[in-house]
Amino acid sequence: MYEELEITHNQCLTCTKCPLHKSRHHVVFSDGVPNPKIMLIGEAPGYNEDIQGKPFVGKAGQLLDKIFASVGLSRNEIYICNTIKCRPPENRNPLPEEKEACWEYLKEQIDIIQPKIILLCGNVAVQSILGNVGGITKIRGKWFDGDEKVHGAKLMPIFHPSYLLRNDSREKGSPKWLMWQDIQEIKRVYESLG
């Protein structure tokens with residue numbers, strides 16, 4: 001498993017399939033363990049991720065770590081990656097052709113890891129895996145049964161932590177409150193996997 005991931009990672013390091021390679025500092029391939037039950041797929045690297053070469057290391061990543069810690073999960077128990085491996089300019093959403101160029105790498109990661117649970121973090125990740133099933137505010141917290149593309153993994157769309165940072169209220173029904181409900185449900189299913 002380690003060797004297979006390393007081969008895919010090395011292919012990413014020299015990738016020139018889309019123009020994003022011209023402005024990247026680092027390819028942002030993944031973080032976490034290569035044999036987890038949970039995989040989290042984010043949208044795209046931001047500034048801090050591009051500089052450090054790891055996903056979710058800025059303020060959004062720090063919040064994500066706190067969210068997992070709130071239910072006793074550690075970043076070390078989760079495989080974290082993004083739909084694309086290079087930072088789009090000004091942190092814009094990835095273009096369809098950029099997602100298409102990177103799909104092969106994401107698919108390899110899913111095929112090698114074969115997680116039991118995949119968390120789709122934000123609209124871009126949802127659309128990349130599930131297609132056009134609705135906006136994140138309508139479908140977050142709902143389980144989707146994965147097809148052969150994701151080896152039958154259970155899929156749950158969740159709010160991106162950067163969205164939670166912009167919507168700071170913790171009142172009942174707020175995005176942070178909803179995220180608390182979602183992470184508890186994720187932990188429940190995680191523990192049921194044995």
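Look up a bit, the structure's there.
Here the structure is a predicted model, which means the values were calculated and not measured.

> Could you give an account of the packing of aromatic side chains, with specific residues and numbers?
On inspection of all chains with the given rule, the structure shows one aromatic pair. In this arrangement the basic side chain of K37 is found over the ring face of Y190, its NZ or CZ atom lying 5.4 Å from the centre. Positioned above the aromatic ring of W143, the side-chain terminus of K154 is 5.4 Å from the ring centre.

> Break down the environment of P45 for me, citing the residues and quoting the values.
Checked against the element boundaries, P45 lands in the loop between strand 2 (38-42) and helix 2 (47-52). Apart from the residues within four sequence positions on either side, P45 is in contact with V28, D50, N82, I84, K85, C86, R87, P88 and N91.

> Account for the side chain of S128, with residues named and values stated.
Among the secondary structure elements, S128 is positioned in helix 5 (residues 123-130). With relative accessibility at 18%, the residue S128 sits in the buried group. Leave out the neighbours within four places in its chain, and S128 touches T83, K99, W103 and K149.

> Residues and numbers for the nonpolar core, please.
Core analysis: the largest hydrophobic core is formed by 54 residues, its most contacted members being L40, I41, I118 and L119. The greatest single-element share of this core, amounting to seven residues, is contributed by helix 4 (residues 96-113). When residues no more than four places from it in sequence are discounted, the contact partners of I118 are M39, I41, I110, V150, A153, K154, L155 and M156.

> Explain the packing of helix 4 against helix 5 to me, and be specific about the residues and the numbers.
It is at 12 Å that the axes of helix 4 and helix 5 come closest, and there the two elements cross at 75°. By the angle between their directions, the pair helix 4 and helix 5 is classed as roughly perpendicular. Between helix 4 and helix 5, the contacting residues are K99, W103, L106 and I110 on the first element and V124, Q127, S128 and I129 on the second. A per-class count over the contact of helix 4 with helix 5 returns five nonpolar, two polar and one charged.

> I'd love a proper account of helix 5, names of residues and values included.
All of the buried residues along helix 5 are V124, A125, V126, S128 and I129. Buried-residue contacts for helix 5 involve strand 2, helix 4, strand 4 (117-121), helix 6 (136-139) and strand 6 (154-158). A positive phi of about 80° marks G131, the residue just after helix 5.

> How would you sum up the side chain of Q109? Please name residues and give values.
With respect to the helices and strands, the residue Q109 is situated in helix 4. Since its relative accessible area comes to 0%, Q109 is described here as buried. Setting aside residues up to four positions removed in sequence, Q109 forms contacts with L5, F29, S30, M39, Y79, C81 and K85.

> Would you mind going over the pairing of strand 4 in detail, with residue names and values included?
Burial analysis of strand 4 places five of its five residues in the buried class, the great majority of the element. Pairing of strand 2 with strand 4 involves four bridges; the strand directions are parallel. Counterpart to I38 in the pairing with strand 4 is I117. Strand direction decides the pairing type here: strand 4 and strand 6, joined by five bridges, are parallel.

> So, the packing of helix 1 (residues 2-13) against helix 4: which residues are in play, and what are the values?
Pairs of packed helices are described in terms of their axes, by the angle between the two and the distance that separates them. Running from N to C, helix 1 and helix 4 point in directions that differ by 170°, and their axes come no closer than 10 Å. Regarding the angle of helix 1 to helix 4, the classification is roughly antiparallel. Contacts between helix 1 and helix 4 involve E4, L5, T8, Q11 and C12 from the former and E104, Y105, E108, Q109, I112 and I113 from the latter. Residues that form the contact of helix 1 with helix 4 fall into these classes: five nonpolar, three polar and three charged.

> Could you give an account of unusual backbone geometry, naming the residues involved and the relevant values?
The phi angle at N91 is positive, at roughly 60°, despite the residue not being glycine. Its place among the elements puts N91 in the loop between strand 3 (78-82) and helix 4. Its identity as a non-glycine residue notwithstanding, Q114 has a phi of 45°, on the positive side. Tracing the sequence through the fold places Q114 in the loop between helix 4 and strand 4. According to the relative accessible area criterion, Q114 is partly exposed, its value standing at 42%.

What counts, and at which threshold
- Residues numbered from 1 in each chain as written.
- Predicted model: local features only at pLDDT ≥ 70, side-chain atom pairs only at ≥ 80, totals over all residues.
- Heavy atoms only, no water.
- Phe/Tyr/Trp six-rings, centres within 6.5 Å; stacked < 30°, edge-to-face > 60°.
- Lys NZ or Arg CZ within 6 Å of the ring centre and 35° of its normal.
- Helix = DSSP H or I, 4+ residues; strand = E, 2+ residues; numbered from the N terminus.
- Contact = heavy atoms within 4.5 Å.
- Buried < 20%, exposed > 50% of the residue type's maximum accessible area, 1.4 Å probe, protein only.
- Core = buried A, V, L, I, M, F, W, Y, C linked by side-chain atoms within 4.5 Å.
- Axes fitted to C-alpha atoms, helices over the stretch in contact; angles between N-to-C directions.
- Parallel < 35°, antiparallel > 145°, perpendicular 65-115°, else oblique.
- Nonpolar A, V, L, I, M, F, W, Y, C, P; charged D, E, K, R; others polar.
- Pairing = 2+ DSSP bridges.

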